[in-house]
Number of protein chains: 2
Amino acid sequence: MKKLSLRIVIARSIGQWAVAAIAAAACMSAVHVAAAAETPATAQPTKKPLTTADVLAASTPADWRQIDPQNTIYMDLPSGRVIIELAPQFAPHYVANVEALARQGYFNGLWVERVQDNYVAQWGDPDAKKPVGNAQRSVAAEFERTSRGLSFMPLAEPDTYAPEVGFSDGFPTALDPKLGRAWLIHCYGMVGAGRDNDVDSGGGTELYAVIGHAPRHLDRNVTLLGKVVQGIELLSSLPRGTGAMGFYEKPEQRVTIKSFKLASEVPEAQRTPLEELRTDTQTFTDYIDARRNRHEEWFKVPAGHVDVCNVPIPVRARALATGH
Amino acid sequence: MKKLSLRIVIARSIGQWAVAAIAAAACMSAVHVAAAAETPATAQPTKKPLTTADVLAASTPADWRQIDPQNTIYMDLPSGRVIIELAPQFAPHYVANVEALARQGYFNGLWVERVQDNYVAQWGDPDAKKPVGNAQRSVAAEFERTSRGLSFMPLAEPDTYAPEVGFSDGFPTALDPKLGRAWLIHCYGMVGAGRDNDVDSGGGTELYAVIGHAPRHLDRNVTLLGKVVQGIELLSSLPRGTGAMGFYEKPEQRVTIKSFKLASEVPEAQRTPLEELRTDTQTFTDYIDARRNRHEEWFKVPAGHVDVCNVPIPVRARALATGH
């Protein structure tokens, strides 16, 4: 297994980062000791540059937040579970509607019906006929919100699309300080509600996840309401549809949704408890710095910058409380 | 098929854009006529805002360039053909080496061995043992080149990573005018040469294609040598590897490369002739404008900007000359 190349560890898979952290730490200490020995006595000791693995290895339990089951959707496909964290702080009415749809089993037995390469995977009812019961078929657009009261960790670098970008409660967020408005960003894995030409025609009966390079031109044109925190690869690796816009041309190509439920309504033994690195912590700031300038031995030219959509936020299995 | 949502046509699939162009043109003319009737007599007639489909429909044969078979690789997988255009203007020695490897059938029977979600698909010899014949096992890094003599169509907008970004001969390119250096950008579909920690340890015996959000931190850290112009979905839809960094854990999970050849060495009847929109034309400038501010009816808030990696460059089947 020589010449593996691109020896970059992205802390995405649960558990994987811990192993990487140990390996990287071992490697980096040797380098650091050597460098320290050459430092002139008058020089200030320089802080050891941290890798993302180092940062995560040094994190404390307080750096992590539970992903709230009340706010989590499990979409079970034949290949496994896609876990979506909802963002009611950005799209309260859409989230409430998706929850109402989930509660009555609206998506159960429907399909992933569209997979367009480098763009989106979309699921719902291609005929838009299934009754929505006590949910709404459409909800007024929630493209943006006031920035007031929003926890926001800004990035220092310029963004091509928005005056400011950063993270809010784990979600990639854009902000216009002049207008006092904030909105979610179409990064990889973000989940939104499809709509027709009318801005208020969406509602959550059709949902999509981004599976390619961030289609930022969709920002503020569609209501984003959550993000995939685990299992995005079950959507991104599906065969691409050959119809217009990536729709599957034959019904038998569609992927059936076994169930689409709120995590809080699934028996505890069947849940997948997760926690995510908090984005309002010093640890996350350090993690961003380590992404900005990679200190793993493989990297030669540090980027010096980081794109808001090039920061996979670490998610890991949550240790359950023991005892009673 | 109501409520399709996201009625966005990305001109990627061959032939598809032409159909879309006609549909969009028909739709837009009606809108335009109505708007014109309401224009006060004193107002200047405004130019009809063009959609990407409009721009492509109005293109002339001179706006397109043949993708040179001398410069093209066909990687045939069991699922179909991946077509790679090489970039000798950026990585002359790597390209020459990949061509030498292709000529002697180095990749035939090797595998796609790694598919890491939102990152890369990589192919080659996981054991790095297959003889390379008259090719080289490693080639000195070609991370960047002089910007002198480079055709460059700059984008006006700020980029998070580089002083200037734009397009050179169809390739997404970054430029540092102060240093007079230019380099290829890790956009979706770009192809690079894996390496070990030593900068000069790559050579093209291990290749990868980007299948996720642009990993720009790899820019100037790996030699990019081409881009996938057709068939990237055959790589991006492969099952993700479950080993570290997305490597397939079991040999039987690997995807066998049936053949990896220079297009010019394939009999003409078996070729896939393609042409790409030239990036040094007014039509491409108009296309970029239409991506910046989408005028399709579905869009409500024009982005006003465009990311260099959010510009899929149109590729279409090339009409062959008839007669003799």
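Residues numbered from 1 in each chain as written. Chains lettered and ligands numbered in written order. Predicted model: local features only at pLDDT ≥ 70, side-chain atom pairs only at ≥ 80, totals over all residues. Heavy atoms only, no water.

A.B. asks: Please give an account of the overall build of chain A that cites residues and values.
C.D. replies: Secondary structure assignment for chain A yields five helices and 17 strands. Of all 324 residues assigned to chain A, the portion counted as buried reaches 57%. Within chain A, contacts between residues at least 6 apart in sequence are counted, and of these 72% link residues at least 24 apart. (Helix = DSSP H or I, 4+ residues; strand = E, 2+ residues; numbered from the N terminus. Buried < 20%, exposed > 50% of the residue type's maximum accessible area, 1.4 Å probe, protein only. Contact = heavy atoms within 4.5 Å.)

A.B. asks: Mind laying out the pairing of strand S13 (residues 223-230) of chain B, listing which residues take part and the relevant values?
C.D. replies: Residue and element names in this part refer to chain B. With seven of eight residues buried, S13 lies mostly within the body of the structure. With four bridges connecting them, strand S3 (residues 80-86) and S13 associate as antiparallel partners. Each bridged residue has a counterpart across the sheet, and for Ile84 the counterpart in S13 is Val228. Here four bridges tie strand S11 (residues 190-193) to S13, and the two strands are oriented antiparallel to one another. Bridge assignment links Gly192 to a residue of S13, and that residue is Leu224. (Pairing = 2+ DSSP bridges.)

A.B. asks: Can you break down the relation of the copies chain A and chain B residue by residue, with the values?
C.D. replies: Superposing chain A onto chain B requires a rotation of 180 degrees together with a translation of 0.0 Å along the rotation axis, leaving an RMSD of 0.0 Å. In the structure described here, the two chain copies are related by an operation that fits a two-fold rotation axis. Mapped onto chain B, 100% of the interface residues of chain A are again interface residues, and the two copies thus contact each other with one and the same surface. (Least-squares fit on C-alpha atoms with pLDDT ≥ 70 in both.)

A.B. asks: How would you explain the side chain of Asn97 of chain B if you had to name every residue and give the values?
C.D. replies: When you line up the elements, Asn97 of chain B lands in helix H3 (residues 92-103). If sequence neighbours within four positions are ignored, Asn97 of chain B has contacts with Ala135, Gln136, Val139 and Gly203 of chain B.

A.B. asks: Tell me about the pattern of salt bridges, and please be specific about residues and values.
C.D. replies: On inspection of all chains with the given rule, the structure shows 28 salt bridges over all chains. Close ionic contact of Arg240 of chain A with Asp117 of chain A constitutes a salt bridge, the shortest N to O distance being 2.7 Å. On the criterion of sequence distance, the pair formed by Arg240 of chain A in the loop between helix H4 (232-236) and strand S14 (255-256) and Asp117 of chain A in the loop between strand S4 (111-115) and strand S5 (120-124) is long-range, its members being 123 residues apart. Judged by its relative accessible area of 12%, Arg240 of chain A falls in the buried class. Judged by relative accessible area, Asp117 of chain A falls into the buried class, the value being 14%. Glu157 of chain B is the salt-bridge partner of Arg292 of chain B, the closest N and O atoms lying 2.6 Å from each other. Remark: Glu157 of chain B occurs in the loop between strand S7 (153-154) and strand S8 (164-168) and Arg292 of chain B occurs in helix H5 (residues 282-292); sequence separation between them is 135 residues. (Salt bridge = Lys/Arg side-chain N within 4 Å of Asp/Glu carboxyl O.)

A.B. asks: Give a detailed account of unusual backbone geometry, specifying residues and quantitative values.
C.D. replies: Residue and element names in this part refer to chain A. In this model, Asp169 sits at a positive phi of 50 degrees, which is unusual for a non-glycine residue. You can see Asp169 is positioned in the loop between strand S8 (164-168) and strand S9 (171-176). In this structure, Met245 is a non-glycine residue whose phi angle is positive, near 60 degrees. Mapped onto the elements of the fold, Met245 is located in the loop between H4 and S14.

A.B. asks: Describe the confidence of the model for chain A, with residues and values.
C.D. replies: Confidence in the prediction for chain A averages 87 pLDDT; 84% of positions are at 70 or higher. Per the prediction output, this complex has pTM 0.87; the corresponding ipTM is 0.86. (pLDDT = per-residue confidence, 0-100.)

A.B. asks: Describe helix H3 (residues 92-103) of chain A, and please don't skip the residues or the numbers.
C.D. replies: All names here are of chain A. Over its twelve residues, H3 runs 16 Å from end to end, which matches the ideal 16 Å to within 8%, given 1.5 Å per residue. By the burial criterion, the buried members of H3 are Tyr94, Val95, Asn97, Val98, Glu99, Ala100, Leu101 and Ala102. Turning to H3, the residues buried within the fold contact strand S2 (72-77), strand S3 (80-86), strand S11 (190-193), strand S12 (207-210), strand S13 (223-230) and strand S15 (259-262). Looking one or two places after H3, you find Gly105, whose phi comes out positive at around 70 degrees. (Expected span 1.5 Å × (residues − 1).)

A.B. asks: Could you give me a rundown of the sheet that holds strand S1 (residues 64-66) of chain B, with the residues and numbers involved?
C.D. replies: Hydrogen bonds along the backbone pair up the strands of a sheet, which may run parallel or antiparallel. Residue and element names in this part refer to chain B. As summarised here, the arrangement of the three strands in space is S1-S16-S17, forming an open sheet in which the pairing is antiparallel. Two strands close off the open sheet at either side, each with one partner strand: S1 and strand S17 (315-317). Looking at each pair of strands side by side, their axes are set apart by 35 degrees on average, direction ignored. (Axes fitted to C-alpha atoms, helices over the stretch in contact; angles between N-to-C directions.)

A.B. asks: Quick one: what's the story with the packing of aromatic side chains, residue by residue and with numbers?
C.D. replies: To describe a pair of aromatic rings, you give the distance between the ring centres and the angle between the ring planes. Applying the stated criterion across every chain, the model contains ten aromatic pairs over all chains. Arranged with centres 5.2 Å apart and planes meeting at 80 degrees, the rings of Phe167 of chain A and Phe284 of chain A form a pair that is edge-to-face. With Phe167 of chain A in strand S8 and Phe284 of chain A in helix H5 (residues 282-292), this residue pair connects regions lying 117 residues apart in the sequence. Phe167 of chain A sits in the buried class, given a relative accessible area of 1%. Take Phe284 of chain A: its relative accessible area is 0%, and that puts it in the buried class. With a centroid separation of 5.0 Å and an interplanar angle of 85 degrees, the aromatic rings of Tyr106 of chain B and Phe107 of chain B are classed as edge-to-face. Summarising the burial analysis for this pair, Tyr106 of chain B and Phe107 of chain B share the class buried. These aromatic residues form a ring-pair network of at least three members: Tyr106, Phe107 and Phe260 of chain A. Sitting over the ring of Phe90 of chain B, Arg145 of chain B keeps its end group 5.8 Å from the ring centre. (Phe/Tyr/Trp six-rings, centres within 6.5 Å; stacked < 30°, edge-to-face > 60°. Lys NZ or Arg CZ within 6 Å of the ring centre and 35° of its normal.)

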